[in-house]
Amino acid sequence: MKIDFYYFLSAKRYFLYFLVLLFSVFCFSFSFAEEIIFPENHTHDRVIDNANIFSSDEEKKILNQIKKIEDETTAQIAILTVSTLQNLEIFDYGIQLLKQENWKIGQADKDNGLLLIVAPKERKYQFFTGYGLEGVLPDLRLKIIAENYFPENFRAEHYSQGVQLAL
């Protein structure tokens with residue numbers, strides 16, 4: 001019986017060591033978690049080019065298209081370019097960005113906002129729509145739009161042309 005009892009104590013000790021190690025790793029990972037820094041949108045700008053991929057003329061053309069679409073449909077569109085996604089997937093970055101109070105896009109009663117995030121360094125882009133636009137712009141339609149206009153233009157670094165054609 002002594003062997004079984006000592007085996008039990010030994011197994012219990014190793015299990016406790018394992019729990020302490022697991023807890024330490026868990027706490028250690030949170031202590032070094034980076035805070036995500038999102039771009040500001042103080043004035044609810046429609047084009048925020050933090051990656052500096054648009055010239056001022058290109059930005060004006062895109063902004064004019066966005067204003068025209070908003071006048072015709074009431075849908076509010078914002079374009080955000082980022083220099084880095086801060087080690088996040090673009091979808092996760094966008095979801096966390098839209099949770100920020102100063103990133104509410106679209107009319108509250110219609111939930112008709114559309115956000116396009118472009119991360120040229122990571123070669124990624126993503127559309128985010130409010131529920132009010134999902135009937136008009138379902139994910140499949142946005143995917144087709146993106147596949148038709150972004151890859152070729154973005155590879156050639158013609159970002160503005162890709163965005164304008166998509167709009």
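Cut-off values and rules
- Residues numbered from 1 in each chain as written.
- Predicted model: local features only at pLDDT ≥ 70, side-chain atom pairs only at ≥ 80, totals over all residues.
- Heavy atoms only, no water.
- Helix = DSSP H or I, 4+ residues; strand = E, 2+ residues; numbered from the N terminus.
- Buried < 20%, exposed > 50% of the residue type's maximum accessible area, 1.4 Å probe, protein only.
- Contact = heavy atoms within 4.5 Å.
- Core = buried A, V, L, I, M, F, W, Y, C linked by side-chain atoms within 4.5 Å.

Draft legend 1. Main features of the environment of Pro151. Relative to the helices and strands, Pro151 is located in helix α4 (residues 139–155). Look at Pro151 and you get partly exposed, because its relative accessible area is 25%. Separated by 27 residues in sequence, Pro151 and Lys124 have C-alpha atoms that sit 9.5 Å apart. Residues contacting Pro151, with those up to four places away along its chain left out, are Tyr125 and Ala146.

Draft legend 2. Summary view of the nonpolar core. By size, the foremost hydrophobic cluster in this structure holds 23 residues, and its most contacted members are Phe54, Ile62, Ile79, Leu116, Phe127, Phe150 and Val163. Elements with a contribution of two residues or more to this core: α2 (56–73), β2 (76–81), β3 (113–119), α4 and α5 (159–166). What Phe150 contacts, discounting residues up to four positions off in sequence, is Leu116, Tyr125, Phe127, Arg155, Gly162, Val163 and Ala166. By size, the runner-up hydrophobic cluster in this structure holds 14 residues, among which are Leu80, Ile105, Ile117 and Ala119.

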